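Observations on chain architecture
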Amino acid sequence: MKKSILTAIFAATAFCGFSQEKEAEAPKFTFSGYIDSYYMMNFNSPTNRSNLGASGYERAFDQKSSQFSLGLVQTKFGYATKSADVVVDLTFGPNADLGQYGNVIGPLGAGKASTALAIKQAYFNWKASDKLTLTVGQFGTHIGYEVIDAPINYNYSLSNLFNNGPFYHIGAKANYAFSDKFSAMVGLVNNVDNLNDNNASKGFIYQVFTSPAAGWNVYVNGISSNESAPLSTGKDDSGSYNLLDLTTSYQITPKYLLGLNAAYGSQTGDFQGGGNVGDSKTWGGVALYSNYAFTDKFSLGGRYEVFDNTAGARALRAADGSGTDVSSLTLTATFTAAEGHLLIKPELRTDSYKTAQFVDGDGKDQKSQTTLGLHFIYKF
C-alpha cells in the first residue's frame, strides 16, 4: 500500500514537473503597437504650411504645419518559441509611406497594388545556440541612434543623420554574443531602403557591440554596398556607398542619460538611379543627446546636431542643387499619462542652414526655421 502511494505521488510529481516544463516551453504570442498625431506651428508661417524647404528633405516625418496631422499607426505581432521567434511589424498612415518609400514599387510593378507598403519589418530569428542568432527577412537598420518608432525616441522629430541614413534592409544577418558585454554582427542585404534589389550586388552590413562599464553601451555600425543602377550594357561596378556609424549612450545616474551619434559616409558614382556624383563625395554629422527623468511621469530631453552635406552626396541640398550644412537644436518634454500608455511631447526645434532653405509667409528667403509642436503618442 505504501509502495502504491509513493508510486502515485512520484507519478503526480513527475507529471506536474513535465506540465510545468511544457508550459515554460509553450510558444508565446504578443501584440503591441501605437498611434501618434501632432499639431505643429512654424514661426516662418510658410504659405504652403510645410516644414520642408528647398530640397524637400529638411524634415523626415513631421512635415506639416498649422494643422492637425496623423503620424503613424503600428501593429506589431510576435510569436516566440524556445529556439526561434517571428516579428511582423505593420505600419499605416503618412509616416508609414515616408518610412517605406522604397516599397512604392511592389512585386507586381509600378502602378500595381502592393501590400509591401504596410510592411515595416517582417523577419524571423533562429537561435542556433545560446550565442549565435540568425535573422532573415526585412528588418530595421542597425545604423543610427534613433528609430522610426516614436515611443522609443526621446525627441519626436528625427535627426538629419536619421533622415539621410538607411531606414531598413532586406537580407540575412548573423549575430554572435561572445559575452553579455561583447557581440558582433555581419550580414548581406539587397541594398539600402528598397524592396527590390536594383542590381545584382549585395551590401555588406556589420556591427560590433561592447559595454565597457555598467550603463555604458557602444555600437560601431557600418554598411558597404554598390548602389549604382545597371547600365544598358549591364552591371555598373563603379558605384560605391559606404557608411560608418558610432552610437553610444551612458546612463550617468538612474535619472540622467547621455547619448552620442556620429556618422561618416561616402558615395562614388550613381546611387539607385539618382544621378552620378562622380568621384567620391562625403557627408557626415554628430548628434549629442541628453535626457533627464525628473519623475516617472516627466522627463526633459535635448538634442544638438550638426550635419554636413556640402559635397552634395545626399538629398539634403540647397535650392540650386549644391550641397549645404545645418545645425539643429531640439528640446522635448515628455509627460506620461494613462497608466504609462499615453506620451505627450511638446517640442521646440530650430534648424540653421548656411544657405537659404526656406521661404516665409512674406515670400522672403530664410536660412533658419523654428517649429513648436505638440505630439501625442498612445502605445499599447
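Everything quoted here is computed from the prediction, not taken from an experiment.

1. Some remarks on the side chain of D62
Relative to the helices and strands, D62 resides in the loop between strand 1 (28–42) and strand 2 (68–80). Only 2.8 Å separates the side chain of D62 from the side chain of R59, close enough to count as a polar contact. When residues no more than four places from it in sequence are discounted, the contact partners of D62 are Y38, M40, N51, Y156 and S157.

2. As for the environment of N261
Relative to the elements of secondary structure, N261 occurs in strand 11 (residues 256–268). Sequence separation between N261 and G144 is 117 residues, and the spatial gap between their C-alpha atoms is 6.6 Å. Sequence-distant contacts of N261, defined by excluding residues within four places in its chain, comprise G144, Y145, L161, D245, L246, T247, G285, V286, A287 and Y289. Engagement of the side chain of N261 in a polar contact is seen with the side chain of D245, the distance being 2.8 Å. Within the structure, N261 has its side chain in polar contact with the backbone oxygen of L246 (distance 3.0 Å).

3. Describing the confidence of the model for the protein chain
Of the residues in the protein chain, 89% have a pLDDT of 70 or more, and the chain-wide mean is 89. Ranking the helices and strands of the protein chain by mean pLDDT puts strand 15 (residues 342–353) first, with 98, and helix 1 (residues 2–24) last, with 46. This model gives residues 1–19 a pLDDT under 50, and the stretch forms zero contacts once residues within four places in sequence are excluded.

4. A few points about the packing of aromatic side chains
Geometrically, a pair of aromatic rings is defined through the distance of the ring centres and the angle of the planes. What the rule picks out here adds up to 20 aromatic pairs. On the numbers, 4.8 Å between centres and 65 degrees between planes, the contact of Y292 with F294 is edge-to-face. A relative accessible area of 32% places Y292 in the partly exposed class. When the ring of Y353 is compared with that of F358, the centres are 5.7 Å apart and the planes differ by 75 degrees; the resulting orientation is edge-to-face. Judged by its relative accessible area of 6%, Y353 is buried. We classify F358 as buried; its relative accessible area is 4%. Across from the ring centre of F271, 4.8 Å away, lies the NZ or CZ of R314, which sits over that ring. The positively charged end of R314 is found above the aromatic ring belonging to W283, 5.0 Å away from the centroid.

5. A look at the pattern of salt bridges
Any two side chains of opposite charge can pair if their charged atoms end up close together. The full count for this structure, using the stated rule, is seven salt bridges. Of the charged contacts in the structure, one is a salt bridge between K202 and D197, with a shortest N-O distance of 2.8 Å. On the basis of relative accessible area, D197 is assigned to the partly exposed category, the value being 23%.

6. Topic: the nonpolar core
Side chains of nonpolar character tend, in soluble globular proteins, to be buried together. Counting 25 residues, the largest nonpolar core has I205, I223, Y241, L243, W283 and F307 as its most contacted members. Every element with two or more residues in this core is listed here: strand 7 (182–189), strand 10 (240–251), strand 11 and strand 12 (281–295). Broken down by element, this core gets its largest block of residues, three residues, from strand 12. Residues F61, A96, Y156 and L158 belong to the second largest nonpolar core, which totals 16 residues.

7. Comments concerning the pairing of strand 11
Bridging between strand 10 and strand 11 involves twelve bridges; their strand directions are antiparallel. The residue of strand 11 that forms the bridge with Y241 is Q267. Remark: four residues form the turn of the hairpin made by strand 10 and strand 11, two consecutive strands paired antiparallel. Of the strand pairs in this sheet, strand 11 and strand 12 are connected by twelve bridges, and their pairing is antiparallel. In the sheet register, G265 faces strand 12, and the bridge partner there is W283.

8. Quick word on the environment of T253
Mapped onto the secondary structure, T253 falls in the loop between strand 10 and strand 11. A relative accessible area of 34% places T253 in the partly exposed class. Distance from T253 to A293, taken between C-alpha atoms, is 10.0 Å for residues 40 residues apart in sequence.

9. Some thoughts on a nonpolar patch on the surface
On the surface, F29, F31, I35, F77, Y79, V86, V88, F124, W126, Y378 and F380 cluster together to form a nonpolar patch covering roughly 1,000 Å² of accessible area. Sorting the residues of the nonpolar patch by element identifies strand 1, strand 2, strand 3 (84–92) and strand 4 (119–127) as the ones contributing at least two each. For the nonpolar patch, the leading source of residues is strand 1, giving three residues. Here F77 is to be found in strand 2.

The rules behind these values
- Residues numbered from 1 in each chain as written.
- Predicted model: local features only at pLDDT ≥ 70, side-chain atom pairs only at ≥ 80, totals over all residues.
- Heavy atoms only, no water.
- Helix = DSSP H or I, 4+ residues; strand = E, 2+ residues; numbered from the N terminus.
- Polar contact = N/O pair within 3.5 Å; in protein donor to acceptor, adjacent residues only side chain to side chain.
- Contact = heavy atoms within 4.5 Å.
- pLDDT = per-residue confidence, 0-100.
- Phe/Tyr/Trp six-rings, centres within 6.5 Å; stacked < 30°, edge-to-face > 60°.
- Buried < 20%, exposed > 50% of the residue type's maximum accessible area, 1.4 Å probe, protein only.
- Lys NZ or Arg CZ within 6 Å of the ring centre and 35° of its normal.
- Salt bridge = Lys/Arg side-chain N within 4 Å of Asp/Glu carboxyl O.
- Core = buried A, V, L, I, M, F, W, Y, C linked by side-chain atoms within 4.5 Å.
- Pairing = 2+ DSSP bridges.
- Patch = residues over 30% accessible without salt bridge, like charges linked within 9 Å, V, L, I, M, F, W, Y side chains within 5 Å.
- Areas by Shrake-Rupley, 256 points an atom, 1.4 Å probe, with all protein chains shown as cover.

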